[in-house]
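Coordinates in review
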Amino acid sequence: MRSRRFYLAAYCLIFCSILFTLSFPLVSGNPVVQSIAQGDQAYNQRFDIETDEPMGFLKAYKPYIERAIGYYALSIQDPSSLSIQSQAYVYNRLAQLNYELAKVLILEEGKKQEIKDTLVQGREYGFMSLELHSGFDRERFIDTLNWVKDVAALVWTADCWGTWLGYNPIEGFLNLSKVKKMYEQAIAVDEYFWGGSSHIGLGALLGTTPSMLGGDPQEAQGQFKRALEIEPDYLPTSVVYAESYGFTHSFGTRNGIRDRQLIEEKLNFVIDAPVGEERPFWNWEAKAEAALLWLELERFSR
């Protein structure tokens, strides 16, 4: 297990590389540089929160997510002041953080409109990153997506968009193929990104979509198995596997149990596993989801 000191050093190196790609001289007090640095500082608080309870972590980190979004958004008000690489970095962080904020809001419950608004904002930041790629045309989405080679932009945009479609069934029918294409392109570019997240997202889509619209539970299972091969200790894989394949669905809503043994096995693994130091937000979030899925399992068992 790599130490926290290793990851902090890595983040320092990443931030330094971002500074050197800015399109203006590095001047002390430059407000854009300061905004990115403050966004990074808020983002990195995820590595310093000490807790032994999932919702305790998420509640403690939520203000830092909101703060990071504010700082990064401030830095990108005039995109022309940043190099293309720096624009992509900021847009991708904003897409990721809006998706993370939406996941916290989902667990808090009763915030449907706020969730939808947050996902839309994350999707739009993601599209701003995609549109930095020459050759990509949003109006000719399917035909030009192959021009995009930024796996972070592909994954976080697809995550925001795909989750939002779950709240908007009609839009979902019309755009599922585009989200699927994004995950497939992400796999082609770098299937190892963020614990195999492109496989997780594609598996969730295939596992919860009706077969008449392209869903395929067996193919979904294959995607989850591949993600587990890539990074078996990334806890969201096991949670989404249990939720999307272990349960059955009707137009995105759980309506029964397909594989009780798999659900119990994956949820027990997540609950008992250590959070680790590399991705604390996502592993704590997975533990919170696992607790809720146990309640769902009990409900369907009555």
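Residues numbered from 1 in each chain as written. Predicted model: local features only at pLDDT ≥ 70, side-chain atom pairs only at ≥ 80, totals over all residues. Heavy atoms only, no water.

Check the secondary structure of the chain and you find 13 helices and two strands. Computed over the C-alpha atoms, the radius of gyration of the chain is 19 Å, within 12% of the 19 Å expected from 2.2 N^0.38 for a compact globule of 302 residues. If one aligns the C-alpha atoms of the chain with their principal axes, the spans along those axes are about 65 × 45 × 35 Å. When the 302 residues of the chain are sorted by exposure, 53% land in the buried category. The contacts of the chain with a sequence gap of at least 6 include a subset with a gap of at least 24, amounting to 65%. Only carbon and sulfur atoms are counted for the fraction: they give 53% of the accessible area of the chain, which is about 14,000 Å². Separation between the mean location of the 29 positive side-chain charges and that of the 39 negative ones in the chain comes to 2 Å. (Helix = DSSP H or I, 4+ residues; strand = E, 2+ residues; numbered from the N terminus. Rg over C-alpha atoms; globule rule 2.2 N^0.38 Å. Buried < 20%, exposed > 50% of the residue type's maximum accessible area, 1.4 Å probe, protein only. Contact = heavy atoms within 4.5 Å. Areas by Shrake-Rupley, 256 points an atom, 1.4 Å probe, with all protein chains shown as cover. Lys, Arg positive; Asp, Glu negative; His and termini not counted. Charge placed at Lys NZ, Arg CZ, Asp CG, Glu CD.)

In this section: the side chain of T237. One can find T237 in helix α11 (residues 235-246). Since its relative accessible area comes to 0%, T237 is described here as buried. Residue contacts for T237: discarding those within four places in its chain leaves G195, I200, F224, A227 and L228.

Only one face of strand β1 (residues 247-250) is buried, namely the one carrying F247 and H249, since none of T248 and S250 on the opposite face is buried. Judged from the four bridges that link them, β1 and strand β2 (residues 253-257) form a sheet pairing that is antiparallel. Looking across to β2, one finds that T248 is bridged to G256. Taking the residues between adjacent antiparallel strands as the criterion, β1 and β2 are bridged by two residues, where F251 takes a positive phi near 50 degrees. (Pairing = 2+ DSSP bridges.)

Turning next to the environment of I69. Within the secondary structure layout, I69 lies in helix α3 (residues 54-75). In the structure, I69 is positioned 199 residues away from N268 in sequence and 34 Å away in space, judged by C-alpha atoms. Setting aside anything within four residues of it in sequence, one finds I69 in contact with L94, L97, N98 and L101.

The next thing to look at is the packing of aromatic side chains. Throughout the structure, instances matching the rule amount to 20 aromatic pairs. Taking 6.5 Å as the distance between ring centres and 80 degrees as the angle between the ring planes, the aromatic pair formed by Y72 and Y89 counts as edge-to-face. A residue pair is termed long-range when its members are at least 10 positions apart, and Y72 in helix α3 and Y89 in helix α4 (residues 84-108) qualify at 17 residues. Taken as a pair, Y72 and Y89 share a single burial class, namely buried. Their ring planes at 70 degrees and their centres at 5.4 Å tell us that F127 and W161 sit as a pair that is edge-to-face. With F127 in helix α5 (residues 112-130) and W161 in helix α7 (residues 151-165), this pair connects stretches of sequence that are 34 residues apart. Since its relative accessible area comes to 2%, F127 is described here as buried. By the ring-pair criterion, three or more aromatic residues cluster together here, those being F57, Y61, Y64, Y99, W156, F193, W194, F281, W282 and W284. Over the ring of Y43 we find R93; its NZ or CZ atom is 3.5 Å from the centre of that ring. Directly above the aromatic system of F300 lies the positively charged group of R299, at a separation of 4.4 Å from the ring centroid. (Phe/Tyr/Trp six-rings, centres within 6.5 Å; stacked < 30°, edge-to-face > 60°. Lys NZ or Arg CZ within 6 Å of the ring centre and 35° of its normal.)

Backbone geometry places E109, a non-glycine residue, at a positive phi of 70 degrees. You can see E109 is positioned in the loop between α4 and α5. Judged by relative accessible area, which is 53%, E109 ranks as exposed. If you check the backbone angles, W194 has positive phi at about 50 degrees while not being a glycine. By secondary structure assignment, the location of W194 is in helix α9 (residues 193-208).

Interhelical geometry of α5 versus α7 gives an angle of 150 degrees and a closest axis separation of 8 Å. Of the possible angle classes, the one that applies to α5 and α7 is roughly antiparallel. Of the two possible hands of crossing, α5 and α7 adopt the one that is left-handed. In this structure, α5 uses K116, L119, V120, G122, R123, G126, F127, S129 and L130 to contact α7, whose residues at the interface are A153, L154, T157, C160, W161, T163 and W164. Partitioned by chemical class, the residues of the contact of α5 with α7 number nine nonpolar, five polar and two charged. (Axes fitted to C-alpha atoms, helices over the stretch in contact; angles between N-to-C directions. Parallel < 35°, antiparallel > 145°, perpendicular 65-115°, else oblique. Left-handed = near helix turned anticlockwise from the far one by under 90°. Nonpolar A, V, L, I, M, F, W, Y, C, P; charged D, E, K, R; others polar.)

So, on to the confidence of the model for the chain. Across the chain, the average pLDDT comes to 91, with 90% of residues at or above 70. Across residues 1-28, where pLDDT falls below 50, the model places 39 contacts with residues more than four positions away in sequence or in other chains. (pLDDT = per-residue confidence, 0-100.)

All right, on to the pattern of salt bridges then. This structure, assessed with the given rule, holds 17 salt bridges. In this structure, R123 and E124 form a salt bridge, with 3.0 Å as the shortest nitrogen-oxygen distance. Its relative accessible area of 22% is what places E124 among the partly exposed residues. Across the salt bridge formed by E296 and R299, the nearest N and O atoms sit 2.9 Å from each other. Taken together, the positions of E296 and R299, both in helix α13 (residues 280-301) and three residues apart, correspond to about one turn of that helix. Salt bridges here are not isolated pairs; linked through shared partners, they connect E243, R254, E296 and R299. (Salt bridge = Lys/Arg side-chain N within 4 Å of Asp/Glu carboxyl O.)

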